[in-house]
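Spelled out from the first residue to the last, the chains are:
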Amino acid sequence: MKILVTGGAGFIGSAVVRMAVARGHAVINLDALTYAACLYNVASVAASPLYAFEHADIRDRAALERIFDAHQPDAVMHLAAESHVDRSIDGPADFIGTNINGTFNLLEAARKYWSGKGRPEHFRFHHISTDEVYGSLPADPAVKFTEDTRYDPRSPYSASKAAADHLVRAWHETYGLPVVLTNCSNNYGPYHFPEKLIPLMIIKALAGETLPIYGDGSNVRDWLYVEDHAEALLTVLQHGATGRSYNIGGNSERTNLELVQALCAVLDDLRPSTQPYAGLIRFVEDRPGHDKRYAIDASRIGDELGWSPSVPLEEGLRLTVKWYLANEAWWRPLIGRKGTGSRLGRGA
Ligand SMILES: NC(=O)c1ccc[n+]([C@@H]2O[C@H](COP(=O)([O-])OP(=O)(O)OC[C@H]3O[C@@H](n4cnc5c(N)ncnc54)[C@H](O)[C@@H]3O)[C@@H](O)[C@H]2O)c1
């Protein structure tokens, strides 16, 4: 299959690119190379005859039309987005521009290309989204997000992703574009940009800096190892039913405090310091509108497509810490890029 991957120089997109090429798919990686991108993430496949790179912005319709014409893909996997909630609080405009208008452009360019080819049924537009579109859950562990949960986004980031999800569904209902959608929980793993919680905590701990946890640390997230997400995405692309949504999750709920304590325990083991790293934890002013709990019911993708997460959280955290210990040359130059590493998202 020839797949046009948007955002393939980012964290999850690059995992998809590496896995797709390893499985023999041809991949065109379309990325604007924003502050969050790193082409080194795909260096392992860059020389493959199956790989091509297009430096383009999804807000540029003419560029998208040229790329569809030039490469004639069988499918699109749309991951390009502004992805950091804290940045969406400080500057929502980029999130509206890329996540909503960019998705609209991509849908229109895909529709023109697909119509021009006689509307082939096997074409796929796979929109990659987040569980954050569903809002915040109560503490009751029996309550989880299903594909039928009402949308209730509460940050500029999640609202922009929700808007994009609605556009994708509308392009299916109105124009018949063969789409699939996925909504995934929090990812972690290698190549995670150091503004996000897990890499930020690892890097701060290694520097002996305090580990800032928002609020009282009781917010719950459901963590998924990024390779498991990439596997789920390729499964949905190839076997998902047209027009259908699939929730993807790790079945690994932890409070932020539990998560950072678990990371500290791994660091104590792999890179012992004079004191346990957990002594660096400090509670700081909360993020405005901080969603209390996310948890995914991933039974649809399990029952219908046979996918389930394969990497338990403790193992994944260990793999991740090992990767950051071995790849300082990757993350060190990213610190400070567009304020990375400093406190963002306090609101007005
Ligand atoms: N990270 C998570 O935990 C998570 C969970 C669920 C869903 N998602 C979704 O998965 C996708 C990828 O997330 P990520 O964490 O890898 O993000 P990321 O920020 O690491 O990467 C985003 C990539 O998109 C590119 N990009 C941004 N704006 C662009 C534009 N206008 N045109 C072209 N390229 C552009 C960036 O250069 C970057 O390479 C996003 O759509 C996100 O909403 C992320």
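Scope of this entry: the structure provided in the associated data block.

Rules used in this analysis
- Residues numbered from 1 in each chain as written.
- Predicted model: local features only at pLDDT ≥ 70, side-chain atom pairs only at ≥ 80, totals over all residues.
- Near = placed C-beta within 6 Å.
- Helix = DSSP H or I, 4+ residues; strand = E, 2+ residues; numbered from the N terminus.
- Nonpolar A, V, L, I, M, F, W, Y, C, P; charged D, E, K, R; others polar.
- Axes fitted to C-alpha atoms, helices over the stretch in contact; angles between N-to-C directions.
- Parallel < 35°, antiparallel > 145°, perpendicular 65-115°, else oblique.
- Left-handed = near helix turned anticlockwise from the far one by under 90°.
- Contact = placed C-beta atoms within 7 Å.
- Expected span 1.5 Å × (residues − 1).
- Buried ≥ 20, exposed ≤ 12 C-beta atoms within 10 Å, placed from the backbone.
- Arc of directions from axis to C-beta.
- Pairing = 2+ DSSP bridges.

What follows covers the site of the ligand. Residues in contact with the ligand amount to 31 residues; listed here are only the nearest, G7, G10, A32, A37 and A81. Of all the secondary-structure elements, those providing two or more residues to the shell around the ligand are helix 1 (11–22), helix 4 (93–116), strand 5 (124–130) and strand 7 (186–188). Looking at the shell around the ligand residue by residue, the class counts come to 14 nonpolar, 12 polar and 5 charged.

Here we come to the packing of helix 4 against helix 5 (residues 156–175). Closest axis-to-axis distance for the helix 4/helix 5 pair is 8 Å, and the angle between their directions is 15°. In terms of orientation, helix 4 lies roughly parallel with respect to helix 5. As for how helix 4 packs across helix 5, the hand of that crossing is right-handed. Contact with helix 4, carried on its side by F95, I96, N99, I100, T103, F104, L107 and R111, involves P156, Y157, S160, K161, A163, A164, L167, V168, W171 and Y175 of helix 5 and no other residues of that element. Here the contact of helix 4 with helix 5 is built from residues that sort into 13 nonpolar, 3 polar and 2 charged.

Our next topic: the packing of helix 2 (residues 61–71) against helix 4. For the pair helix 2 and helix 4, interaxial distance at closest approach is 9 Å and the crossing angle is 35°. For the pair helix 2 and helix 4, the sense of crossing is right-handed. Across the interface between the two elements, R61, L64, E65 and F68 of helix 2 pack against N105, L106, E108, A109, A110, K112 and Y113 of helix 4. Taken together, the residues that form the contact of helix 2 with helix 4 break down as 6 nonpolar, 1 polar and 4 charged.

Right, let's get into helix 8 (residues 256–270). For an α-helix the count is 3.6 residues per turn, leaving residues at separations of three or four pointing the same way. A rise of 1.5 Å per residue sets the reference length of helix 8, with its 15 residues, at 21 Å; its end C-alpha atoms lie 21 Å apart and thus fit the reference within 8%. Taken together, the buried positions of helix 8 are N256, L259, V260, L263, C264 and L267. Around the axis of helix 8, the buried residues are gathered within 135° of arc, so they sit on the same side. Buried residues in helix 8 make contact with helix 6 (197–206), strand 8 (211–214), strand 11 (253–255), strand 12 (281–284) and helix 10 (313–326).

A few words on the sheet that holds strand 9 (residues 220–225). With mixed pairing, 3 strands are arranged side by side in an open sheet as 7-9-11. Unpaired on one side and paired on the other, strand 7 and strand 11 mark the two borders of the sheet. Each neighbouring strand pair of the sheet contributes to a mean axis angle of 50°, computed without reference to strand direction. Bridging between strand 9 and strand 11 involves 3 bridges; their strand directions are antiparallel. Bridged to R221 within strand 11 is R254.

Moving on, we get to the environment of G118. Tracing the backbone through its elements, the reader meets G118 in the loop between helix 4 and strand 5. With 7 C-beta atoms counted inside 10 Å, the residue G118 sits in the exposed group.

Judged by pairing direction, the sheet is parallel, and its 7 strands sit side by side in the order 3-2-1-4-5-6-10 without closing on themselves. The open sheet has two edge strands with one neighbour each: strand 3 (51–55) and strand 10 (245–248). Between one strand axis and the next, the sheet turns through 20° on average, direction left out of account. Direction of pairing for strand 1 (residues 2–6) relative to strand 2 (residues 26–31): parallel, over a ladder of 5 bridges. Across the sheet, T6 pairs through a bridge with L30, a residue of strand 2.

Take the pairing of strand 9 next. Counted residue by residue, strand 9 has 5 buried out of 6 residues, so it is predominantly covered. As paired strands, strand 7 and strand 9 are joined by 3 bridges and run parallel to one another. Residue pairing for strand 9: N186 is matched across the bridge by W223.

All right, on to the environment of S310 then. One can find S310 in the loop between helix 9 (299–305) and helix 10. With 35 residues separating them in the primary sequence, S310 and Q275 have C-alpha atoms 33 Å apart.

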